[in-house]
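Inside the fold
Spelled out, the chains give:
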Amino acid sequence: MTHKKGQMVLYTGCSGVGKGTIMKELLKRDPSIRLSVSNTTREPREGEIHGVHYNFITREEFLAVADADGYIEHAEYCKNLYGTPRKQVEEMLDEGFNVFLEIEVKGGLQVMEQYPDVLSIFILPPSLEELEARLRGRGTEEESVIAERMKQAVEELKYKDKYRYQVVNDDLQKAVNEVLDILHRYQ
Ligand code: 5GP
């Protein structure tokens, strides 16, 4: 059976904006969607599963994949390396799935350069105050990490207009519906 190639979707939003929660809903609501599982050198947070949330690998392993051109993009974020495995994404696209790359802006810009037609969506917090409250509420990071991530968020927000679409996450279901509308309109 032959499939129409799927759509690659660049999906970015600063940490704490709720993009993971939106993503879970998207996966539940639309069986054409797959999430690319990234490689990272970051330590797993509690409850994170190797192969599901990320492939947790060492710096040496990460750099070996990068040297072999095994990533669509890769970037350093808060002192950890993150990369999108090329083969996995290409296979899912060939199978006809719409593949979401949930990545930060430096990687996002690399993807836009390589795939000018990529569907790009930036998830915005209702405000920076709300973002900080959410990061604190998550309770998984230390103060210094929160401060670092807020600084990073302000930097990342500068790039929101490089993305074709911006979706404000003030209400989960509304944000999910908006992303699905954008995806379905684009096909
Ligand atoms: P976290 O450590 O909170 O899971 O992720 C930190 C940031 O890295 C988030 O913005 C997340 O979207 C991004 N990220 C996750 N995987 C990748 C990847 O493969 N490449 C890039 N460039 N960023 C990623």
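What comes next is a walk through the structure. Source: prediction; values computed, not measured. (Residues numbered from 1 in each chain as written. Predicted model: local features only at pLDDT ≥ 70, side-chain atom pairs only at ≥ 80, totals over all residues. Heavy atoms only, no water.)

This part covers the environment of Ile103. Looking at the secondary structure, you find Ile103 in the loop between strand 7 (98-102) and helix 4 (105-114). The spacing of Ile103 and Glu90 is 13 residues in sequence and 16 Å in space, taken between C-alpha atoms. With residues up to four places along the chain from it excluded, the contact list for Ile103 reads Leu10, Tyr11, Thr12, Glu73, Thr84, Gly108 and Val111. (Helix = DSSP H or I, 4+ residues; strand = E, 2+ residues; numbered from the N terminus. Contact = heavy atoms within 4.5 Å.)

Moving on: the packing of helix 1 (residues 19-29) against helix 7 (residues 172-186). Between helix 1 and helix 7, whose axes approach to 10 Å, the crossing angle comes to 60°. Taken together, the axis directions place helix 1 and helix 7 in an arrangement best described as oblique. Of the two elements, helix 1 crosses helix 7, and the hand of that crossing is right-handed. Listed contacts from helix 7 to Thr21, Ile22, Glu25, Leu26 and Arg29 of helix 1 are Leu172, Gln173, Ala175, Val176, Asn177, Val179 and Leu180. Taken together, the residues of the contact of helix 1 with helix 7 break down into 7 nonpolar, 3 polar and 2 charged. (Axes fitted to C-alpha atoms, helices over the stretch in contact; angles between N-to-C directions. Parallel < 35°, antiparallel > 145°, perpendicular 65-115°, else oblique. Left-handed = near helix turned anticlockwise from the far one by under 90°. Nonpolar A, V, L, I, M, F, W, Y, C, P; charged D, E, K, R; others polar.)

We now examine the layout of surface pockets. For the largest pocket, the calculated volume is near 1,200 Å³. Lining the largest pocket are 40 residues, and of these Gly20, Arg45, Glu48, Tyr54 and Glu102 lie nearest its centre. Those elements that provide at least two residues to the lining of the largest pocket are helix 1, strand 5 (71-77), strand 6 (80-85), strand 7, helix 5 (128-138) and helix 6 (143-157). The greatest single-element share of the lining of the largest pocket, amounting to 6 residues, is contributed by helix 1. In terms of residue class, the lining of the largest pocket is built from 14 nonpolar, 13 polar and 13 charged. The calculated volume of the second largest pocket comes to roughly 300 Å³. Cys78, Asn80, Glu141, Val145 and Arg149 are, among the 14 residues lining the second largest pocket, the residues nearest its centre. Of the residues forming the lining of the second largest pocket, the biggest block, 4 residues, is contributed by helix 6. Residue classes in the lining of the second largest pocket are distributed as 3 nonpolar, 3 polar and 8 charged. (1 Å grid on protein atoms, 1.4 Å probe; cavity = no way out; pocket = protein on both sides within 12 Å on 5 of 7 lines; lining within 4 Å. Points joined across faces, edges and corners; volume = space filled by probe spheres on them.)

Spatially, 4 strands are ordered 4-3-6-5 in an open sheet, and the strand pairing comes out mixed. Edge strands, defined here as strands with exactly one partner in the open sheet, are strand 4 (55-56) and strand 5. Note that strand 5 and strand 6 share 6 bridges and pair antiparallel. Bridging from a neighbouring strand, Tyr77 pairs with Asn80 of strand 6. Across the sheet, helix 3 (residues 86-94) touches strand 5 and strand 6, and the angle it forms with strand 6 is around 35°. (Pairing = 2+ DSSP bridges.)

Distances and angles like these do not, on their own, reveal function.
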